[in-house]
Amino acid sequence: MAPAAMTFASSLSDVQPVSFWLDDPARPGALPALTGDEHCDLLVVGGGYSGLWTALLAKERDPGRDVVLIEGREVGWAASGRNGGFCAASLTHGLGNGLARWPGELATLEELGERNLDAIEAAVGRYAIDCDFERTGEIDVATEPHQAEELQEMYEEVTRLGFTGLELLDQDAVRAEVNSPTFLGGLWDRRGVAMLHPARLAWGLKQACADLGVRIYENTQGLQLASSGAGTAVRTPYGRVFARQVALGTNVFPSLVKRVRAYTVPVYDYALMTEPLSAEQLSAIGWRRRQGLGDSANQFHYFRITADHRILWGGYDAIYPYGGKISAEMDHRPETYLKLAEHFFRCFPQLEGVRFSHAWGGAIDTCSRFSAFFGTAHGGKVAYAAGYTGLGVGATRFGADVMLDLLSGERTERTALEMVRSKPLPFPPEPVAWAGIGLTKWALARADANGGRRNVWLKAMDKLGLGFDS
């Protein structure tokens, strides 16, 4: 191993292969599994953000509604406890994606997204959820000249359309916020993103649901869904739940509505967490306003600072397992951890000697349009939302509202949206999916290395509205 690689590897010598967020003494114990039969008005399947927000909002809308939530493992153990802790207002995976797909609805989508983030902040306060919520915003940083040009073009486009709240930063301005020699410029969304402790948010929502009377069963997987008279029946390992209506928040895991499965694929994403930084190390990088950051490459990094002054550094590799297989073996990838460590010290050379305490991965539900899709099944008795593609910390609350709207059968501002009424293009079966995703990843890496120029394959994908992201 080359000397430089040895240095990067040594930073990982004490790393614990577990999500930093889940490695927390505040983690609650698991609730008992369901044994026997249950009956309720609304069954929520999935104990991540999608399911938790759906159960909570259902009780807020109608305190008398009888709600049961089942979770296959423990609440928050999957994507909800393994993400970067970026809670964005955007419902469309950023302004650029929204502008490309729903230009006529973008103003409404942005307003709904802002209201949704405000409501999350209000809920954190109302239920006294201790999750380090900080509305610090996010800076998209340019590390290549073409990225700086693209950020300026985006800023000019959204300004022309009347959107405010974004600030274009030149090289000196962005480095005054966070000091990296790789930063050439930035676009700062001051209010549209909050930082938080994602697992504690999930655990806080779990407690809030329980306090409102939601019956929660953990280690209770939903195995099969079928109509049952005027309602539905969901089979679990040790029993059944009979419900008038069902909301599916299973996201990356195979949907109980089989026709939905083709719309998502699992993508494994990985992250590192440093040890706490000293006062001198913090001074060397600045970062006094604690914004979230992400670079503007196709193969991008996201990074942020925690309440106890650690840096989370994640992204870049997006690994699709052949056949869409979800496996615990994929949760860790040492070669990716080494690559991420190398990229970290390239970004922050002044932090040489810092060590990483935690390294982990997890699966994201990716769809071809990068943002959630919605629908119903079983004659409107079942609703689902999926496909958040890495921006589910905030958007899942909006998705929960959509599912409840759909189950009510009433037309609302949300259900009238083209975004809600339409579906992404499904992924093809194997081996075509594997080959297509592999070719797309290669083309995206090539574009990053060639001034952002997109080849014929990527241009064709753009024209079809297809994409691949994490």
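Residues numbered from 1 in each chain as written. Predicted model: local features only at pLDDT ≥ 70, side-chain atom pairs only at ≥ 80, totals over all residues. Heavy atoms only, no water.

K.L.:
Can you lay out the nonpolar core for me, pointing to particular residues and giving the numbers?
P.N.:
Formed by 51 residues in total, the largest nonpolar core has its most connected members in Leu42, Trp53, Phe133, Leu201, Leu205 and Phe374. Looking at this core element by element, the count peaks at eight residues for helix H10 (residues 392-408). Not counting residues up to four positions away in its chain, the partners in contact with leucine 42 are Ala58, Arg65, Asp66, Val67, Val68, Ala243, Gln245, Val246, Ala247, Leu404 and Leu407. Tyr270, Leu272, Tyr337 and Phe344 belong to the second largest nonpolar core, which has 35 residues in total. (Core = buried A, V, L, I, M, F, W, Y, C linked by side-chain atoms within 4.5 Å. Buried < 20%, exposed > 50% of the residue type's maximum accessible area, 1.4 Å probe, protein only. Helix = DSSP H or I, 4+ residues; strand = E, 2+ residues; numbered from the N terminus. Contact = heavy atoms within 4.5 Å.)

K.L.:
Describe the packing of helix H4 (residues 106-126) against H10, listing the residues and the values that go with them.
P.N.:
A packed helix pair is summarised by two numbers, namely the angle formed by the two axes and the spacing between the axes. Direction vectors running N to C along H4 and H10 enclose 100 degrees, while the axes themselves pass 9 Å from each other. In terms of axis orientation, H4 runs roughly perpendicular to H10. Residue-level contacts link Leu112, Asn116, Ala119 and Ile120 of H4 to Val393, Gly394, Ala395, Arg397 and Phe398 of H10. Considered class by class, the residues forming the contact of H4 with H10 number six nonpolar, two polar and one charged. (Axes fitted to C-alpha atoms, helices over the stretch in contact; angles between N-to-C directions. Parallel < 35°, antiparallel > 145°, perpendicular 65-115°, else oblique. Nonpolar A, V, L, I, M, F, W, Y, C, P; charged D, E, K, R; others polar.)

K.L.:
A description of a nonpolar patch on the surface should follow, citing residues and the corresponding values.
P.N.:
On the surface, a nonpolar cluster with roughly 290 Å² of combined accessible area is contributed by Leu439, Trp442 and Trp457. Relative to the helices and strands, tryptophan 442 is located in helix H12 (residues 432-449). (Patch = residues over 30% accessible without salt bridge, like charges linked within 9 Å, V, L, I, M, F, W, Y side chains within 5 Å. Areas by Shrake-Rupley, 256 points an atom, 1.4 Å probe, with all protein chains shown as cover. Salt bridge = Lys/Arg side-chain N within 4 Å of Asp/Glu carboxyl O.)

K.L.:
So, the sheet that holds strand S13 (residues 292-295): which residues are in play, and what are the values?
P.N.:
Overall, mixed pairing links the eight strands, which are arranged S5-S6-S4-S13-S14-S15-S12-S16 in an open sheet. Bordering the open sheet on either side are strand S5 (166-169) and strand S16 (356-366), each of which pairs with just one other strand. Ignoring which end each strand starts from, the neighbouring axes of this sheet average 20 degrees apart. Bridge count between S5 and strand S6 (residues 185-189): four bridges; the pairing is antiparallel. Paired with leucine 168 across the bridge in S6 is leucine 187. (Pairing = 2+ DSSP bridges.)

K.L.:
Explain the side chain of arginine 290 residue by residue, including any values.
P.N.:
Tracing the backbone through its elements, the reader meets arginine 290 in the loop between helix H8 (279-285) and S13. In this structure the side chain of arginine 290 is engaged in a polar contact, spanning 2.9 Å, whose partner is the side chain of glutamate 134. Within polar-contact distance, the side chain of arginine 290 engages the backbone oxygen of threonine 306 at 2.7 Å. (Polar contact = N/O pair within 3.5 Å; in protein donor to acceptor, adjacent residues only side chain to side chain.)

K.L.:
I'd like a description of the packing of aromatic side chains, backed by residues and values.
P.N.:
Taken as a whole, this structure holds 21 aromatic pairs when the rule is applied. Here the aromatic rings of phenylalanine 303 and tryptophan 313 are separated by 4.6 Å at their centres, their planes lie at 45 degrees, and the arrangement is tilted. Taken together, the residues span a long stretch of sequence, with phenylalanine 303 in strand S14 (residues 301-305) and tryptophan 313 in strand S15 (residues 311-315) at a distance of ten residues. With respect to class, phenylalanine 303 is no different from tryptophan 313; both count as buried. Ring centres 5.1 Å apart and planes at 85 degrees place the aromatic pair phenylalanine 344 and phenylalanine 345 in the edge-to-face group. Judged by its relative accessible area of 11%, phenylalanine 345 falls in the buried class. By way of ring pairs, the aromatic residues Phe8, Phe183, Trp287, Phe303, Trp313, Phe344, Phe345, Phe348 and Phe356 are connected into one cluster. For the cation-ring pair, arginine 101 lies above phenylalanine 370, with the distance from its terminal atom to the ring centre recorded as 5.6 Å. (Phe/Tyr/Trp six-rings, centres within 6.5 Å; stacked < 30°, edge-to-face > 60°. Lys NZ or Arg CZ within 6 Å of the ring centre and 35° of its normal.)

K.L.:
Can you tell me about unusual backbone geometry, naming the residues and giving the values?
P.N.:
Of the consecutive residues glutamate 430 and proline 431, the connecting peptide bond is found in the cis state with omega at 5 degrees. If you trace the backbone, proline 431 turns up in the loop between helix H11 (418-421) and H12. The phi dihedral of asparagine 219 is positive, around 50 degrees, even though this residue is not glycine. You can call asparagine 219 partly exposed: its relative accessible area is 38%.

K.L.:
Outline a negative patch on the surface, listing residues and values.
P.N.:
Taken together, Glu149, Glu150, Glu153 and Glu156 make up a surface patch of like negative charges. Note that glutamate 150 resides in helix H5 (residues 145-160). (Lys, Arg positive; Asp, Glu negative; His and termini not counted. Charge placed at Lys NZ, Arg CZ, Asp CG, Glu CD.)

K.L.:
Residues and numbers for the pattern of salt bridges, please.
P.N.:
Counted under the stated rule, the structure contains 28 salt bridges. Notably, a salt bridge pairs arginine 61 with aspartate 401, separated by 2.8 Å at the nearest N-O pair. Residue arginine 61 is located in helix H2 (residues 49-61), and its partner aspartate 401 is located in helix H10; the two are separated by 340 residues in the primary sequence. Among the residues examined, aspartate 401 registers a relative accessible area of 9% and is labelled buried.

K.L.:
With reference to specific residues and values, describe the packing of H12 against helix H13 (residues 456-464).
P.N.:
Contact geometry for H12 and H13: axes closest at 9 Å, N-to-C directions at 115 degrees. Classified by the angle between their axes, H12 and H13 sit roughly perpendicular to one another. Between H12 and H13 the crossing geometry is left-handed. Between H12 and H13, the contacting residues are Gly436, Leu439, Thr440, Ala443, Leu444 and Ala447 on the first element and Trp457, Leu458 and Met461 on the second. Here the contact of H12 with H13 is composed, by residue class, of seven nonpolar, two polar and no charged. (Left-handed = near helix turned anticlockwise from the far one by under 90°.)

K.L.:
Quick rundown of helix H9 (residues 334-347)? Include the residues and the values.
P.N.:
Counting along an α-helix, one turn takes 3.6 residues, and residues three or four places apart therefore face a common direction. The end-to-end C-alpha distance of H9, which contains 14 residues, comes to 20 Å, matching closely the 20 Å that a straight helix rising 1.5 Å per residue would cover. Within H9, burial applies to Thr336, Tyr337, Leu340, Ala341, His343, Phe344, Phe345 and Cys347. (Expected span 1.5 Å × (residues − 1).)

K.L.:
Could you give an account of the environment of tyrosine 337, with specific residues and numbers?
P.N.:
Among the structural elements, tyrosine 337 can be located in helix H9. Considered as a pair, tyrosine 337 and glycine 249 are 88 residues apart in the sequence and their alpha carbons are 30 Å apart. Ignoring any residue separated from it by four or fewer positions in sequence, one finds tyrosine 337 in contact with Leu12, Tyr270, Ala271, Leu272, Asp331, His332, Ala359, Trp360 and Gly361. Here tryptophan 360 takes part through its backbone nitrogen, which lies 3.3 Å from a polar atom of the side chain of tyrosine 337.

K.L.:
Describe the pairing of S6, naming the residues involved and giving the relevant values.
P.N.:
Each regular strand displays side chains that alternate between the two surfaces of the sheet. Within S6, four of the five residues are buried, which leaves the element mostly enclosed by the surrounding structure. As judged from the five bridges shared by strand S4 (residues 138-142) and S6, these two strands associate in the antiparallel manner. Looking at S6, one finds that isoleucine 139 is bridged to tryptophan 188.

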